[in-house]
Amino acid sequence: MKGLTFLLLASVSAMGQAPGKAKVIAFDRADAEHCSVATIEGRPMLQTVYAGTSVAVGLPASTANGDFRVFVVVRQTGPGKAQVNPGEFSALYSDPAHTRFLTYDKAAEVARRATGTETQQDGVMAASSQQDPGMQGTVPTPGPMDDKDRQARLQRMTNEDPDAPAREQEEALEDKQGNSSPGTTVTPDELYLRRVTLRRGNFAEGFVYFRRPKGSKLNVGSRDLLFEIDIPVNGVVFRFS
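Here the structure is a predicted model, which is why all the values come from computation and not from measurement.

Looking at this structure, how should I read the pattern of salt bridges?
Where charged atoms from two side chains of opposite charge come close, those side chains can pair. This structure, assessed with the given rule, holds 6 salt bridges. A salt bridge links Lys-106 to Glu-109; the shortest N-O distance between them is 3.3 Å. Of this pair, Lys-106 and Glu-109 both sit in helix α2 (residues 106-131), 3 residues apart, roughly one helical turn. Taking relative accessible area as the criterion, Lys-106 reaches 11% and is therefore assigned buried. For Glu-109, a relative accessible area of 21% translates into the label partly exposed.

Next comes the structure, spelled out in structure tokens:
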């Protein structure tokens, strides 16, 4: 079976029951009534609608740490509620053993890192102001080569990996957290999909990260794919494979 990248062009799957009796709704492009390839916020995404709930996943992108980042959108279009819990999501890797990758709380990780960075910067600024009173309140500006470095890196990545532009776009969105002006900063809760209860007409979206099992020696390459992604919502598993 081909990876999720090729599913954006063609896919064949089936609907069935998981061993644990959870209903599984597998993406099937031939089922035009419930499944489609949609463009959401400029991203090509596989979308399945079932029982008043819509789930869409974007193209998985591997990270430098060997994880996978996937943009997920969940909408509640019908009556009732949709319980969204990214902690229950999982994915299978494209290795022969189909190693299972579980989600981890990227938002919490980023928040901890941001707090640590702010504390460190406060300490540096305090030390600088003691040495030079005239520097109080001055914030260092990025070097003039930052943009050129990013462009050069993108060109290099594009030559080596056709999926690099999409990956760069995703990374740029995450960079907004540290680079947005005051009052417009994208918070972790806004950037990453979080646990939430959706009512009719509501939706939730954000990045979900899948991490290799602890101790795994898998070497995830920049062009590697996920074999399958499971998104459980209200006891129904929306499967994209």
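Help me understand the side chain of Gln-47 in this model?
Tracing the backbone shows Gln-47 in strand β4 (residues 43-50). If we skip the residues at most four places from it in the chain, Gln-47 touches Phe-27, His-34, Cys-35, Ser-36, Ala-38, Ile-40, Ser-54, Val-55, Ala-56 and Phe-240.

Honestly, the packing of aromatic side chains in this entry has me stumped. Any pointers?
Aromatic ring pairs are defined here through the distance separating the ring centres and the angle between the ring planes. Here the structure, examined in full by the defined rule, presents 7 aromatic pairs. Aromatic pair Phe-71 and Phe-207: ring centres 5.3 Å apart, planes at 70°, arrangement edge-to-face. Remark: Phe-207 occurs in strand β12 (residues 203-211) and Phe-71 occurs in strand β7 (residues 68-76); sequence separation between them is 136 residues. Each member of the pair Phe-71 and Phe-207 is classed as buried. Connected via pairs of aromatic rings, a cluster forms that spans Phe-68, Tyr-93 and Phe-101. Looking at Lys-106, its charged tip hangs above the ring of Tyr-209, at a distance of 4.8 Å from the centre.

Can you help me understand the confidence of the model for the chain in this one?
Should pLDDT be low for a region, the predicted coordinates there are not to be read in detail. Mean pLDDT over the chain stands at 78; residues scoring 70 or higher make up 62%. The model gives residues 9-19 a pLDDT under 50, and that stretch makes 18 contacts with residues more than four places away or in other chains. Note that pLDDT drops below 50 for residues 135-140; the model gives that stretch 4 contacts with residues more than four away or on any other chain.

What is the right way to read the side chain of Ser-90 from this model?
Within the secondary structure, Ser-90 is located in strand β9 (residues 90-93). Judged by its relative accessible area of 9%, Ser-90 falls in the buried class. Within polar-contact distance, the side chain of Ser-90 engages the side chain of Arg-100 at 2.8 Å. Ser-90 has contacts with Arg-100, Phe-101, Leu-102, Phe-210, Glu-228, Ile-229 and Asp-230, leaving out every residue within four places of it along the chain.

Teacher, can you tell me more about unusual backbone geometry here?
Leaving glycine out, the prevailing phi sign among residues is negative, and the prevailing peptide bond configuration is trans. Within the chain, Glu-41 stands out as a residue other than glycine whose phi angle is a positive 55°. As for its position among the elements, Glu-41 is in the loop between β3 (35-40) and β4.

The rules behind each value
- Residues numbered from 1 in each chain as written.
- Predicted model: local features only at pLDDT ≥ 70, side-chain atom pairs only at ≥ 80, totals over all residues.
- Heavy atoms only, no water.
- Salt bridge = Lys/Arg side-chain N within 4 Å of Asp/Glu carboxyl O.
- Helix = DSSP H or I, 4+ residues; strand = E, 2+ residues; numbered from the N terminus.
- Buried < 20%, exposed > 50% of the residue type's maximum accessible area, 1.4 Å probe, protein only.
- Contact = heavy atoms within 4.5 Å.
- Phe/Tyr/Trp six-rings, centres within 6.5 Å; stacked < 30°, edge-to-face > 60°.
- Lys NZ or Arg CZ within 6 Å of the ring centre and 35° of its normal.
- pLDDT = per-residue confidence, 0-100.
- Polar contact = N/O pair within 3.5 Å; in protein donor to acceptor, adjacent residues only side chain to side chain.

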